[in-house]
Amino acid sequence: MKKALWSAVFMLLLSCVCAGVLAAIKISTDERVIQNEKTALQRQVLGAFKLPDDLNGFDSQIQTIAGDGRTYWLLISSGATAFVISGMGFWAPIHAVVAVDADKTTILGIRFFRHKETPGLGGRISEPWFMRQFEGKRLDSPIRLVMPGGQKGPNDVDAITGATETSRKVEQLVERVKELR
Amino acid sequence: MNGARDIFRNGILRQNSIYRQVLGICSTLAVTNLLANTLVMCVALVFVVSMSSLTVSLLRRVTPQRIRMMVQVMIISTYVIVVDLLLKAYLPDISEQLGPYVGLIITNCIIMGRAEAFAAKNKPWPAFLDGLAMGLGYTMVLMLIALVREPLGFGTIFGLAVLPESWTRWAVMAMAPGAFFMLGIVIWVMNLIDPPAKEQQS
Amino acid sequence: MSETELTSALVILFAAIFTNNIVLTNFLGLCSFLSVSREIKSSVGLGAAVAFVTTFTAAINWLIYHHLLVPLDLVYLRFVIFIVIIAGFVQFAEIAIERFAPALYHALGIFLPLITVNCAVLGISLFMVIREYGLLETVAYGLGGGLGFLVGIVLLAALRWRIRRSRVPAALQGAGIAVILSGIMALAFVGFSGMLTIN
């Protein structure tokens, strides 16, 4: 009986010590983590607006508007807006920041900033060459992803070879921009 | 009682966790397609295995026998969470890329194996060194694998392009099969260079 | 439960076995994968036991994660909580198997408690959190992941049985050739990708 009691007490003591250490570290790093997330997102917004990567100029150029559960960023000089869109990817949700012009007819820029697609294949959606293709694409007609070598219209972009599924998912995600702008 | 030099030789070469014991590859093989990620994972692992071994050894006289596995798991998980929290705060991009694999260090067979086989029966300093040595041996092999996978699969080393744009990337190296083949080759080569002694084949 | 949720769950189930196999694509569960695959019968037993554990622990962990950890802002403790749940469930499974299938219990021996530290089991719970699956999808993923492990380990055991008379170089015998065979299997499984589409 004594042994079992000591086992339970020991486990309890150990759990408390461990939980204490972890809670202490969590509290001391929390602020940093939130700050990291905020600056990371802000940098994506700057990228989507095609502005230089300078966080110091963020607040002077961009107004952050939080409303009905969503956050928008308004580029004061031009009236362009940016927002986050998310949709299911091949492996996990894909998150992107999309910037549209003031008339909400054209995509100014897109940044796929969070995804779990296959590195080297679907993962290439966050490479600059892929994201740059979306600049200037119109929202009033469909934006299709076409395999390189296929018939590409003026509002179409190149899909990624070997990443058929991810390309399809991105196409669906971009479709949703129209609903959300 | 082994001297420090023996412990290191054992951990890094004789009983190398990967090509000799073939343990603990689960968590890290997945990230060996990029050198930077591999390095971070390995540093994390060395930290966890050495600190866990140290802690298990320090507590070995007071730990009740019947729950010692649970105690080991608890200690290991705590150190892993410490690493996870620190990564999220100071290296968020890499933390994002590593995904669940940092958490999977908990189930890494090496750490549990060393805690049970060595740390629970030895003094703190040798236990710490043993963990360190096992971790370093592990790091050595994985960095080697990544050194082949990243250039062939992505054309870069630590993100810096070392091969011309015209180089056709070997998708097989960027994906799962490449890691298996590289591991097989490493095991083969190391077994040829330093054949395991008869007594160690258990 | 909507129709798309059901379809999504079914696709995840099949994807977890073939295109996103927990061992051959995500490298999880390798330790027991390589050691138990020396024998076909124990491979089947272990694979089935793992599938049993992954299905239930994934579901239980989902419930705990979404109904306890998230509301209480204790998400950072998920590693510890998940592994404790898994350890508890394996203990319970051990007792149940010993009672109802003693032959299987003796055949599995030490490998049953080792399921607790099988990376695949914890990995499935962690992936389910990252991929933000719903409950039905989680059950499908847990079952599929476990079945994927079963398919993989039985295939490897069969392959190792087939090559037992071949002349494998001494330095490759045992783990070496098992890893290479796994690599070839992984390559074959890559061929499955594109077969399934998740809506």
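Residues numbered from 1 in each chain as written. Chains lettered and ligands numbered in written order. Predicted model: local features only at pLDDT ≥ 70, side-chain atom pairs only at ≥ 80, totals over all residues. Heavy atoms only, no water.

## Some points on the sheet that holds strand S2 (residues 70–75) of chain A
Residues and elements named next belong to chain A.
Then, in step 1: An order of S1-S2-S3-S4-S5 is seen for the five strands of this open sheet, with the pairing classed as antiparallel. The open sheet has two free edges, formed respectively by strand S1 (62–67) and strand S5 (107–114), since each of these has just one partner strand. Direction aside, the axes of adjacent strands within the sheet are offset by 25 degrees on average.
Then, in step 2: Two strands pair when backbone bridges link them, and strand S3 (residues 81–88) and strand S4 (residues 93–100) are joined in this way by eight bridges, in the antiparallel orientation. When the bridges of S4 are listed, Val84 appears paired with Val97.
Then, in step 3: Strand contacts of helix H1 (residues 2–48): S1, S2, S3, S4 and S5, with the helix running at about 150 degrees to S5, the strand carrying the most contacts.
Then, in step 4: The sheet strands contacting helix H4 (residues 164–180) are S2, S3, S4 and S5, and the helix crosses S3 at an angle near 135 degrees. (Pairing = 2+ DSSP bridges. Helix = DSSP H or I, 4+ residues; strand = E, 2+ residues; numbered from the N terminus. Axes fitted to C-alpha atoms, helices over the stretch in contact; angles between N-to-C directions. Contact = heavy atoms within 4.5 Å.)

## A word on a nonpolar patch on the surface
Then, in step 1: Together, A:Leu5, A:Trp6, A:Val9, A:Leu13 and B:Val62 give the surface a local cluster of nonpolar side chains, amounting to about 450 Å² of exposed area.
Then, in step 2: Tracing the backbone through its elements, the reader meets A:Trp6 in helix H1. (Patch = residues over 30% accessible without salt bridge, like charges linked within 9 Å, V, L, I, M, F, W, Y side chains within 5 Å. Areas by Shrake-Rupley, 256 points an atom, 1.4 Å probe, with all protein chains shown as cover. Salt bridge = Lys/Arg side-chain N within 4 Å of Asp/Glu carboxyl O.)

## A short note on the side chain of B:Ser50
Then, in step 1: Along the chain, the position of B:Ser50 falls in helix H3 (residues 35–58).
Then, in step 2: Engagement of the side chain of B:Ser50 in a polar contact is seen with the backbone oxygen of B:Phe47, the distance being 3.3 Å. (Polar contact = N/O pair within 3.5 Å; in protein donor to acceptor, adjacent residues only side chain to side chain.)

## Looking at the pairing of S4(A)
Moving residue by residue along a regular strand, the side chains alternate between the two faces of the sheet.
Residues and elements named next belong to chain A.
Then, in step 1: The buried fraction of S4 is high, at eight of eight residues.
Then, in step 2: Neither face of S4 is exposed, since Pro93, His95, Val97 and Ala99 on one face and Ile94, Ala96, Val98 and Val100 on the opposite face are all buried.
Then, in step 3: In textbook terms, the turn of a hairpin is the stretch between consecutive antiparallel strands, and for S3 and S4 this stretch comprises four residues.
Then, in step 4: By the bridge criterion, six bridges tie S4 to S5 in an arrangement that is antiparallel. Considered in S5, the bridge of Val100 is made with Ile107.
Then, in step 5: Counted between consecutive antiparallel strands, the loop separating S4 from S5 contains six residues, among which Lys104 sits at a positive phi close to 60 degrees. (Buried < 20%, exposed > 50% of the residue type's maximum accessible area, 1.4 Å probe, protein only.)

## Quick word on the pattern of salt bridges
Residue and element names in this part refer to chain A.
Then, in step 1: Within the structure shown, the criterion is met by eleven salt bridges over all chains.
Then, in step 2: In this structure, Glu135 engages Lys50 in a salt bridge whose closest nitrogen and oxygen atoms are separated by 2.9 Å. Residue Glu135 is found in the loop between helix H3 (128–132) and strand S6 (145–146), and its partner Lys50 is found in the loop between H1 and helix H2 (58–61); the two are separated by 85 residues along the sequence.
Then, in step 3: Overall, Glu135 belongs to the partly exposed group, its relative accessible area being 28%.

## Concerning the interface of chain A and chain B
Then, in step 1: Every contact between the two is made by 21 residues of chain A and, on the other side, 25 residues of chain B.
Then, in step 2: Interface of chain A and chain B: buried area, both sides summed, is about 2000 Å²; carbon and sulfur atoms make up 76% of it.
Then, in step 3: Counting the surface chain A buries against chain B, the share from its top three residues, A:Phe10, A:Met11 and A:Leu22, is 24%.
Then, in step 4: Taken together, the links from chain A to chain B amount to zero salt bridges.
Then, in step 5: Between the two partners, chain A and chain B, sit three residue pairs in polar contact (both at pLDDT 80 or more).
Then, in step 6: Residues that form the side of chain A that touches chain B fall into these classes: ten nonpolar, five polar and six charged. (Buried area = accessible area lost by both parts, 1.4 Å probe. Nonpolar A, V, L, I, M, F, W, Y, C, P; charged D, E, K, R; others polar.)

## Focus on the pairing of S1(A)
All names here are of chain A.
Then, in step 1: Inspection of the sheet shows S1 paired to S2 by six bridges, in the antiparallel sense. Directly across from Gln63, in S2, lies its bridge partner Leu74.
Then, in step 2: As consecutive antiparallel partners, S1 and S2 are separated by two residues, and within that stretch Asp68 has a phi angle of approximately 30 degrees, a positive value.

## A few points about the side chain of C:Asn21
Residues and elements named next belong to chain C.
Then, in step 1: Looking at the element boundaries, Asn21 is found in the loop between helix H1 (3–17) and helix H2 (30–36).
Then, in step 2: Overall, Asn21 belongs to the buried group, its relative accessible area being 0%.
Then, in step 3: Looking at Asn21, its side chain comes within polar contact range of the main-chain oxygen of Gly148, at 3.1 Å.
Then, in step 4: Residue contacts for Asn21: discarding those within four places in its chain leaves Ala15, Ala16, Asn26, Gly148 and Phe189.

## Considerations on the confidence of the model for chain C
One rule of thumb: low pLDDT means the predicted coordinates there are not for detailed reading.
All names here are of chain C.
Then, in step 1: On average, residues of chain C score 86 in pLDDT, and 95% of them are at 70 or above.
Then, in step 2: Averaged pLDDT values over the elements of chain C bottom out at 78 in helix H6 (residues 111–114) and peak at 93 in helix H8 (residues 135–162).
Then, in step 3: Confidence estimates for the predicted assembly give a pTM of 0.79 and an ipTM of 0.78. (pLDDT = per-residue confidence, 0-100.)

## Comments concerning unusual backbone geometry
Then, in step 1: Backbone geometry places A:Lys104, a non-glycine residue, at a positive phi of 60 degrees.
Then, in step 2: A positive phi angle is found at C:Glu132, which is not glycine, with a value near 55 degrees.
Then, in step 3: Inspection of the secondary structure assignment puts C:Glu132 in the loop between helix H7 (119–130) and H8.

## A few points about the packing of aromatic side chains
Then, in step 1: The final tally for this structure, using the stated rule, is 16 aromatic pairs over all chains.
Then, in step 2: Seen from their ring centres, C:Tyr133 and C:Tyr141 are 5.4 Å apart, and the 65 degrees between their planes marks the pair as edge-to-face. The pair formed by C:Tyr133 and C:Tyr141 is uniform in burial state, with each residue classed as buried.
Then, in step 3: An aromatic cluster is built from A:Phe112, A:Trp129, A:Phe130 and A:Phe134, whose rings are joined through pairwise contacts.
Then, in step 4: Above the face of the C:Trp161 ring, C:Arg164 is positioned so that its terminal group lies 3.6 Å from the ring centre. (Phe/Tyr/Trp six-rings, centres within 6.5 Å; stacked < 30°, edge-to-face > 60°. Lys NZ or Arg CZ within 6 Å of the ring centre and 35° of its normal.)

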